[in-house]
Amino acid sequence: MMQIREGGLDEPEVVALLRLHMEGMLANSPKDSCHFLDLSGLRAPEVTFWSVWDGDALLGMGALKQIEPDHGEIKSMRTAPDQLRGGVGAALVSHILKVARERAYRRLSLETGSGPSFEAAHALYRKFGFTECAPFGEYKEDPFSRFMTRVV
C-alpha cells in the first residue's frame, strides 16, 4: 500500500535515493545545468519534502518549493529504480497538486532535463497538464533544461 509521508530526510533510504538522483542529474547534464536541491536545500523553510513508502520500502520522493506567494515549484522528483512505471510519480504529482491548491497557489512550475533520459518525466508532467514555458524564478535559458508550468 503506497503511503505518502511528509519528511523522511533523515532516513538512510531517502539519503541514498537523493544521492542517486543527484548522480543521475550530473550524469545527464553539465554541473552548471543541474538545479537539484541537496539535503540542506530540501530542509529550507520554503520547501516541503515527501517520501513515498510501502511498508519499509522507499518507493520515491518529491518536494514543493514556494517561489512566490502564489507560485510553487516541483523539486527532487525521483522514483526508486525498481518502482519505475508503477504509479509512484503520478501519485506524487497528484499529491503536490493537491497541496498547491490547498495553499492557494495559482501556478505550479518545474525545471527538468532536456535529453532523452528525461522523456518519461516529460510525459508524466504532460499527462498532468504541464506545458513548456520560459524560464521562471531565477532560472536562465539553458539547452539542458526544460521548463514546464500549469495553472493550479
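A few words on the packing of aromatic side chains. The final tally for this structure, using the stated rule, is four aromatic pairs. With a centroid separation of 5.7 Å and an interplanar angle of 70°, the aromatic rings of Y125 and F130 are classed as edge-to-face. The exposure class assigned to F130 is buried, which follows from its relative accessible area of 2%. With a centroid separation of 5.4 Å and an interplanar angle of 55°, the aromatic rings of Y139 and F147 are classed as tilted. Accessibility classification places Y139 together with F147 in one group, the buried group.

Strand order in this open sheet of seven strands is β1-β2-β3-β4-β5-β7-β6, and the pairing throughout is mixed. The open sheet has two edge strands with one neighbour each: β1 (3-6) and β6 (131-132). Looking at chain direction, strand β3 (residues 57-68) and strand β4 (residues 71-79) are connected through seven bridges and run antiparallel. Counted as the bridge partner of Q66 is G72 from β4. Relative to β3, helix α3 (residues 88-102) is tilted by about 30°, and along the sheet it contacts β1, β2 (47-54), β3, β4, β5 (107-113) and β7 (145-151).

Here the focus is the nonpolar core. By size, the foremost hydrophobic cluster in this structure holds 22 residues, and its most contacted members are I74, M77, V93, L108, Y125 and F130. Contributing elements (two or more residues each) for this core: β2, β3, β4, α3, β5 and α4 (119-127). The element that contributes the greatest number of residues to this core is α3, accounting for eight residues. With near-sequence residues (within four places) excluded, Y125 lies in contact with I74, M77, V93, L110, F130 and M148.

With that settled, consider the packing of α3 against α4. Running from amino to carboxyl end, α3 crosses α4 at an angle of 45°, the nearest separation of the two axes being 10 Å. Compared by their axis directions, α3 and α4 come out oblique. Taken as a pair, α3 and α4 cross one another with a handedness that is right-handed. Counted together, G89, A90 and V93 of α3 and L124, Y125 and K127 of α4 form the full contact between these two elements. Taken together, the residues that form the contact of α3 with α4 break down as four nonpolar, one polar and one charged.

A few words on α4. Residues H122, L124 and Y125 constitute the buried set of α4. Viewed along the axis of α4, the buried residues span an arc of 160°, placing them on a single side of the element. Close packing links the buried residues of α4 with β4, α3, β5 and β7. Count one or two residues on from α4 and you reach G129, which has phi positive near 90°.

What counts and what doesn't
Residues numbered from 1 in each chain as written. Predicted model: local features only at pLDDT ≥ 70, side-chain atom pairs only at ≥ 80, totals over all residues. Heavy atoms only, no water. Phe/Tyr/Trp six-rings, centres within 6.5 Å; stacked < 30°, edge-to-face > 60°. Buried < 20%, exposed > 50% of the residue type's maximum accessible area, 1.4 Å probe, protein only. Pairing = 2+ DSSP bridges. Helix = DSSP H or I, 4+ residues; strand = E, 2+ residues; numbered from the N terminus. Contact = heavy atoms within 4.5 Å. Axes fitted to C-alpha atoms, helices over the stretch in contact; angles between N-to-C directions. Core = buried A, V, L, I, M, F, W, Y, C linked by side-chain atoms within 4.5 Å. Parallel < 35°, antiparallel > 145°, perpendicular 65-115°, else oblique. Left-handed = near helix turned anticlockwise from the far one by under 90°. Nonpolar A, V, L, I, M, F, W, Y, C, P; charged D, E, K, R; others polar. Arc of directions from axis to C-beta.

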